[in-house]
Amino acid sequence: MGAESRQPILSLRGVSKSYGSVQILREIDLDVGAGQRIALIGPSGSGKTTLLRLVMTLETPEAGTIEVEGELLGLRRAGDRLVKDRGAHLRSVRGKIGMVFQHFNLFPHMTALQNIMDGPVHVRGLSKEKARAHALDLLSKVGLRQKADSYPRQLSGGQQQRVAIARALAMEPKILLFDEITSALDPELVGEVLTIVRNLANETGTTMLIVTHEMGFAREVADRVLFMEGGRIVEDGDPEQVFANPRSERTKAFLGAVLHR
Amino acid sequence: MSFDFDYAWQILPVLLQATLVTFQATLGGMLLALVLGLMLELLRRSGIPPVVYATRGAVSFIRGTPLLIQLYFLYYVLPLYGLTLNTLTTGILGLGLHYGAYLSEVYRAGIDGVPKGQWEAAVALNASRFHTWARLILPQAVPPMLPVFGNYLIAMFKDTPLLATITLLELLGTAQAEAAISYRYLEPYTLVGLIFLVLSWPSASLVRLLEKRINAENRNGR
């Protein structure tokens, strides 16, 4: 694949995290190539969501480093030591990452359009006209052009999540994190959200990390599947191999349980 | 001693004039308290330990001492150290400081009420600290606080007679001055009470209405 010659867009080295006495992630090593679409699957509590939250800098690792395009995330070098980084450098690195949340987290005091425009105008410094045109394009892409002036409370869960996806896309991140984006939705609304992500995966070269419990979706959209358990990556392979022919007994047991429900 | 309507009618214009001073003190004090309360709460959330402890200490101190003493202090003690302010400014400063300490607690509750996910969305947008506060958090934290602010505004309005003790000729101070001339106390103080009642009552109703509207909106939301 020639992955050795190219620098990974995201790389984790020895990343560990625990809450109190519970260890959530144990010395995770992971290299993500640019444009890869990775599905993270595994039982609840296996550390999938925490891994995404660390990459978004919503949590701080206790040990290990995360690099985005070779630049340290949330840390900087001071002499030969690594210290916490909160300043402009952190923001320049973090700007390459975007995230869509399980509970949408749209800003309730803004319309759909304003939710999407706010970052481009006030973070990236785009002109209002430009940001507005782009935001309307994105709303069309997620099929909600006519809901531009609706407030989140006037939208269904599925619609809110589609706006949230548009909001993340408007920042043009290089890495997009999806954290169980259909778990809070009524079953009949899951399809519309997954369709958007499926189209997105086909149209763009954006690197994606997708935490999901929808195995069919993972198999279809991802080109690489990570199975996590107990804070470790237990299996790492392409979807066909992981789903059809899992190497680890644990993956086999997990897939057996979820696929034959 | 019976109520002399002619005398009451005669002093009414002077008292209404003085009501304007009461208004100025109340509005000035409230504006100062709103700004100060927010600043105190932001300092408390700064995460810098000395700043956090100093702010907490200052708020406890102001809340733990009577407004009257604070006014005396500002009016009689500060000039000894070379800081002389006019009476109205001193009054506004006193009210603003005192109520600012209380409003900082209102801000705290309102900001705590913003779901954690909103802060996370701000991080995911890579928003600056200022952007996060000014555009994302405060605009949703403040509306539920408005009725509480309204109640504090009315309370502060009713505390303004204390400013008479530092010689400000607001409503009570003016009534005292009239009484000192005529030796009639019933009419001036009755009028002062009535003017306060006439102004507070509708304000309190307005605040209740505001509260209802905001609650209704919250029910529609989420």
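Residues numbered from 1 in each chain as written. Chains lettered and ligands numbered in written order. Predicted model: local features only at pLDDT ≥ 70, side-chain atom pairs only at ≥ 80, totals over all residues. Heavy atoms only, no water.

Visitor: How should the packing of aromatic side chains be read in this particular structure?
Guide: Aromatic rings considered in pairs are described by the distance between their centres and by the relative angle of their planes. With the rule as written, the count across this model stands at twelve aromatic pairs over all chains. Judged by centre distance (5.3 Å) and plane angle (55°), the rings of B:Tyr107 and B:Phe149 are tilted. Placement of the pair is B:Tyr107 in helix α4 (residues 87-112) and B:Phe149 in helix α7 (residues 146-159), with a sequence separation of 42 residues. B:Phe149 shares its class with B:Tyr107; the two are buried. Their ring planes at 55° and their centres at 4.9 Å tell us that B:Phe157 and B:Phe196 sit as a pair that is tilted. Of this pair, B:Phe157 sits in helix α7 while B:Phe196 is found in helix α9 (residues 186-220), placing the two residues 39 residues apart along the sequence. The exposure class assigned to B:Phe157 is buried, which follows from its relative accessible area of 7%. Residue B:Phe196 is classed as buried on the basis of its relative accessible area of 10%. A connected cluster of aromatic rings, assembled from ring pairs, spans B:Phe23, B:Phe157 and B:Phe196. Directly above the ring of A:Tyr151 sits A:Arg153, whose terminal nitrogen or CZ lies 5.3 Å from the centroid. (Phe/Tyr/Trp six-rings, centres within 6.5 Å; stacked < 30°, edge-to-face > 60°. Helix = DSSP H or I, 4+ residues; strand = E, 2+ residues; numbered from the N terminus. Buried < 20%, exposed > 50% of the residue type's maximum accessible area, 1.4 Å probe, protein only. Lys NZ or Arg CZ within 6 Å of the ring centre and 35° of its normal.)

Visitor: Help me understand the sheet that holds strand β10 (residues 207-211) of chain A, please; the structure alone is not making it clear to me.
Guide: Residues and elements named next belong to chain A. Strands sit in the order β8-β9-β10-β3-β11-β12 across an open sheet of six strands; the sheet is mixed. Each edge of the open sheet is held by one strand with a lone partner, namely β8 (97-100) and β12 (232-237). Strand after strand, the sheet turns through a mean of 20° between neighbouring axes, direction not considered. Bridge analysis of β8 against strand β9 (residues 175-179) gives four bridges, and the strand direction is parallel. Within the sheet, the bridge partner assigned to Ile97 lies in β9 and is Ile175. Sheet contacts for helix α6 (residues 187-203): β3 (37-41), β9 and β10; angle to β9, the most-contacted strand, approximately 160°. Sitting on the sheet, helix α9 (residues 249-259) touches β3, β11 (224-229) and β12, and the angle it makes with β11 is about 95°. (Pairing = 2+ DSSP bridges. Axes fitted to C-alpha atoms, helices over the stretch in contact; angles between N-to-C directions. Contact = heavy atoms within 4.5 Å.)

Visitor: For this particular structure, what's the right way to read the packing of α4(B) against α7(B)?
Guide: Helix packing for two helices is described by the angle between their axes and how far apart those axes are. Residues and elements named next belong to chain B. At a closest axis distance of 11 Å, the pairing of α4 and α7 adopts a crossing angle of 160°. Taken together, α4 and α7 sit at an angle that is classed as roughly antiparallel. Along this stretch, α4 crosses α7, giving a crossing that reads as right-handed. Where α4 approaches α7, its residues Leu95, Tyr99, Tyr102, Leu103, Val106 and Tyr107 are matched on the opposing element by Val148, Phe149, Tyr152, Ala155, Met156 and Asp159. Of the residues belonging to the contact of α4 with α7, the class tally is eleven nonpolar, no polar and one charged. (Parallel < 35°, antiparallel > 145°, perpendicular 65-115°, else oblique. Left-handed = near helix turned anticlockwise from the far one by under 90°. Nonpolar A, V, L, I, M, F, W, Y, C, P; charged D, E, K, R; others polar.)

Visitor: What should I look at first to understand the sheet that holds strand β1 (residues 10-19) of chain A in this one?
Guide: Strand pairing in a sheet takes place through backbone hydrogen bonds and is either antiparallel or parallel in direction. All names here are of chain A. Taken together, four strands build an open sheet; the order of strands is β2-β1-β4-β5 and the sheet is antiparallel. Of all the strands in the sheet, just β2 (22-32) and β5 (71-72) have a single pairing partner and so form its edges. Pairing of β1 with β2 involves seven bridges; the strand directions are antiparallel. Residue pairing across strands places Lys17 opposite Leu25, the latter belonging to β2. Against the sheet, helix α1 (residues 48-55) touches β1, β2 and β4 (63-68), its axis set at about 115° to β1.

Visitor: Could you clarify how one ought to interpret a nonpolar patch on the surface in this entry?
Guide: Residue and element names in this part refer to chain B. On the surface, Tyr183, Tyr185 and Tyr189 cluster together to form a nonpolar patch covering roughly 360 Å² of accessible area. Along the chain, Tyr183 falls in the loop between α8 (171-182) and α9. Classification of Tyr183 as exposed rests on a relative accessible area of 63%. (Patch = residues over 30% accessible without salt bridge, like charges linked within 9 Å, V, L, I, M, F, W, Y side chains within 5 Å. Areas by Shrake-Rupley, 256 points an atom, 1.4 Å probe, with all protein chains shown as cover. Salt bridge = Lys/Arg side-chain N within 4 Å of Asp/Glu carboxyl O.)

Visitor: Would you take a moment to explain helix α3 (residues 112-122) of chain A for this structure?
Guide: Think of an α-helix as turning once every 3.6 residues; residues three or four places apart then point the same way. When you tally the buried positions in α3(A), you get nine out of eleven residues, the bulk of the element. For α3(A), every residue scored as buried is listed here: A:Ala112, A:Leu113, A:Asn115, A:Ile116, A:Met117, A:Asp118, A:Gly119, A:Pro120 and A:Val121. Turning to α3(A), the residues buried within the fold contact α4 (128-141) and α5 (157-170) of chain A together with α6 (129-141) of chain B.

Visitor: Looking at this structure, I do not really get the side chain of A:Lys96. What am I missing?
Guide: Residues and elements named next belong to chain A. Mapped onto the fold, Lys96 is located in the loop between α2 (88-94) and β8. The exposure class assigned to Lys96 is buried, which follows from its relative accessible area of 16%. When neighbours within four sequence positions are excluded, Lys96 is seen to be in contact with Val68, Glu69, Glu71, Pro173, Lys174 and Ile175.

Visitor: Help me out: how do you make sense of the confidence of the model for chain B in this one?
Guide: Residue and element names in this part refer to chain B. This prediction gives chain B a mean pLDDT of 93; 97% of its residues lie at or above 70. No element of chain B has a lower mean pLDDT than α9, which averages 88, and none a higher one than helix α5 (residues 116-124), which averages 97. Taken over the whole predicted complex, pTM reads 0.89, whereas the ipTM for its chain interfaces reads 0.93. (pLDDT = per-residue confidence, 0-100.)

Visitor: Got a minute to help me understand unusual backbone geometry in this structure?
Guide: Across the chain, the bulk of peptide bonds are trans and the bulk of non-glycine residues have phi less than zero. Residues and elements named next belong to chain A. A positive phi angle, near 50°, is found at Glu69, a position not held by glycine. Note on placement: Glu69 falls in the loop between β4 and β5. Phi at Phe104 takes a positive value of approximately 65°, unusual for a residue other than glycine. Counting through the fold element by element, Phe104 comes out in the loop between β8 and α3. With a relative accessible area of 10%, Phe104 lands in the buried category.

Visitor: Please clarify how the interface of chain B and chain A should be interpreted in this entry.
Guide: Where the parts come together, the accessible area they lose is often given as the size of the interface. At the interface, 20 residues of chain B touch 24 residues of chain A. Carbon and sulfur atoms make up 58% of the area that chain B and chain A hide from each other, which totals about 1900 Å². Counting across the interface, chain B meets chain A through two salt bridges. Our enumeration of links across chain B and chain A arrives at nine residue pairs in polar contact (both at pLDDT 80 or more). Mapped onto the side of chain B that touches chain A, the elements with two or more residues apiece are α5 and α6 of chain B. It is α5(B) that provides the largest number of residues to the side of chain B that touches chain A, a total of eight residues. Residues that form the side of chain B that touches chain A fall into these classes: eight nonpolar, eight polar and four charged. (Buried area = accessible area lost by both parts, 1.4 Å probe. Polar contact = N/O pair within 3.5 Å; in protein donor to acceptor, adjacent residues only side chain to side chain.)

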